[in-house]
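Architecture and fold: a report
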Amino acid sequence: MIGKGLSRQILVAMASVTVAAGLLVFFGTYLAFTVLFYFSPWSEDTDGWLTGFDFVILAILIFIALIVAAVAAFRLARRILEPLESLAVSARRIKEGDLSARAIPGDHSLGETALLVEDFNAMAQRLQDMAADMTLWNAKIAHELRTPLTILKGRLQGMIDGVFEPDETSLHALVLQVDSLARLVEDLRTVTLADSGHLDLRLQPVRLKEEILRLAGVLDEELTQDGFGLQLDLADVTVRVDAMRIRQVLLALITNARRYAHRGLIEISLRVERDQVILRVADEGPGLASDIAASAFEPFKRGGASGSLEKGGNGLGLSVVRAIVEAHGGTVRHAPSEKGGAMFEIFLGNPVS
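Residues numbered from 1 in each chain as written. Predicted model: local features only at pLDDT ≥ 70, side-chain atom pairs only at ≥ 80, totals over all residues. Heavy atoms only, no water.

1. A look at the overall build of the protein chain
Convention followed: For helices the rule is a DSSP run of H or I covering at least 4 residues; for strands it is a run of E covering at least 2, with both sets numbered from the N terminus onward. Exposure is judged per residue with a 1.4 Å probe applied to protein chains only, and the accessible area is read against the type maximum: over 50% gives exposed, under 20% gives buried, and values in between give partly exposed. Note on contacts: a residue pair is in contact if any heavy atoms of the two residues lie within 4.5 Å. Exposure was quantified through the Shrake-Rupley algorithm and a 1.4 Å probe, taking into account, for residues, occlusion by the shown protein chains and nothing else.
If you tally the helices and strands in the protein chain, you get 7 helices and 7 strands. Order of helices (α) and strands (β) in the protein chain, N terminus to C terminus: α-α-α-α-β-α-β-β-α-β-β-α-β-β. Burial statistics for the protein chain: of 353 residues in total, 35% are counted as buried. Of all intrachain contacts in the protein chain linking residues separated by at least 6 positions in sequence, the fraction that spans at least 24 positions is 66%. Within the structure as shown, the protein chain displays about 21300 Å² of accessible surface, and the carbon and sulfur contribution to it stands at 60%.

2. Quick look at the nonpolar core
What counts is decided by this rule: By convention a nonpolar core is built from buried Ala, Val, Leu, Ile, Met, Phe, Trp, Tyr and Cys residues, the set being connected through side-chain atoms within 4.5 Å.
L208, L253, I268, L270 and I346 are the most contacted members of the largest nonpolar core, which totals 43 residues. Elements represented by at least two residues in this core include exactly α4 (168-195), α5 (208-225), β3 (238-241), α6 (243-260), β4 (265-273), β5 (276-282), α7 (317-327) and β7 (342-347). When residues of this core are assigned to their parent elements, the largest contribution, 7 residues, is made by α6. Counting 7 residues, the second largest nonpolar core, distinct from the first, contains L87, V117, F120 and A124.

3. Here we look at the confidence of the model for the protein chain
Our working definition: Confidence scores per residue from the predictor, reported as pLDDT, run from 0 to 100.
Taken as a whole, the protein chain shows an average pLDDT of 76; of its residues, 73% reach a score of 70 or greater. Within the model, the stretch residues 304-311 combines pLDDT values under 50 with 36 contacts to residues more than four positions away or in other chains.

4. Considerations on α6
Given 3.6 residues per helical turn, the α-helix brings residues three or four places apart onto the same face. Here is the rule: Any helix carries an expected span of 1.5 Å times its number of residues minus one. By the criterion applied in these results, polar contacts are pairs of N or O atoms within 3.5 Å in which, for protein atoms, one can donate a hydrogen and the other can accept it, and in which residues neighboring in sequence qualify only through two side-chain atoms.
Spanning 18 residues, α6 covers 26 Å between terminal C-alpha atoms, matching the ideal 26 Å at 1.5 Å per step. Taken residue by residue, α6 has A243, R245, I246, V249, L250, L253, I254, N256, A257 and Y260 as its buried positions. Its side-chain oxygen at 3.1 Å from the backbone nitrogen of M244, D242 defines the N-terminal cap of α6.

5. Notes on the sheet that holds strand β2 (residues 229-234)
Worth spelling out the cut-off: Paired strands are those between which DSSP finds at least two bridges. For every element, the axis is a line fit to its C-alpha atoms; helices are fit only across the contacting stretch, and the angle between N-to-C directions ranges from 0 to 180 degrees.
One open sheet holds the 5 strands; their spatial order is β2-β4-β5-β7-β6, and the pairing between them is mixed. Both edges of this open sheet fall to β2 and β6 (331-336), since each of them pairs with a single strand only. With strand direction ignored, the average angle separating the axes of adjacent strands in the sheet is 15°. Bridge count for β4 against β5 is 7 bridges, and the pairing is antiparallel.

6. Looking at the side chain of E211
Here E211 shows up in helix α5. Within the local environment of E211, its side chain forms a polar contact with the side chain of R214, the two groups lying 3.1 Å apart. Apart from the residues within four sequence positions on either side, E211 is in contact with V206, A243 and R247.

7. Concerning α4
Between its first and last C-alpha atoms α4 spans 40 Å; for 28 residues at 1.5 Å apiece the expected length is 40 Å, and the two agree. Listed as buried for α4 are S170, L174, Q177, L181, L184, D187, L188, T190, V191 and A194. Downstream of α4 by a residue or two, G197 has a phi angle that is positive, lying close to 75°.

8. Looking at the environment of I104
Mapped onto the fold, I104 is located in the loop between α2 (52-95) and α3 (111-161). On the accessibility criterion, I104 (57% relative accessible area) is exposed. The sequence separation of I104 and L87 amounts to 17 residues, and the corresponding C-alpha distance is 7.3 Å. The contacts of I104, once residues within four sequence positions are left out, are P83, S86 and V117.

Okay, here's the thing in structure tokens:
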């Protein structure tokens, strides 16, 4: 129905243009020669102007031009409508849930039409990829929620049945499971908001050295108990950031090193290089496994036994780091540290004067 309607419109439009052009040529010629005839010095010697036979010839020529225009319009309509029909069919299939539907570009000489089809196919591919990612996310989220929920349900049911005593140790273990759930939900929220461009940031000039020292003072005792120490090398720079979110980034990186790196020093440095603030966090190994280093910041990625990436965590820590840094307009990357561990470099933009 779309093809027939558009084809009819193209035919009518081109036929109308042809008729109008023919009439314009006819009357224009008639008017021009009338003026020339009237003002010419030999007008009195001429018997007449445009006989009936002349009109018949012009009418035949206009009719032939109209037929040629109609044939050309029909052929052009077919070339235009084939990819558009394919586009319409594919759009209906996608509307019905078939995200694998793709349109056929047809004649690539019609640049705009072919470009439209290519853009539609790219959009359809992106929708299919997003749907696949959403399915994978749902499966992974369900997997991450299952363990703490199962533990909570089992412990609580055991307390109700009298199998477990509701002592301080048991209740503390349950609180830890609730904390794990809360952390997972907050990490999911942060990554989702950042990816959609809706992460709320309270940007203001912040002296990063003071924020890092304050966080280090809070974590120092716990890190010492676990056999770690902090080595700070901090330049006194001010940058426009959300202080709370930057602390969240640092805490995620320190927690990652604390959980999986060899016991030793965790180095935190803050520098200004080429008018750019660079924050580095490095551990003493074993670093990220080569098979996961390229995808370290993707959600739910975990390292193996040789990698210090999210093993035993919820797989979102480094994704949260990436999301927050990119929300600030910065970038984050991983590289091996000088001691063979993992080093994360955060680029936060220009310092505030």
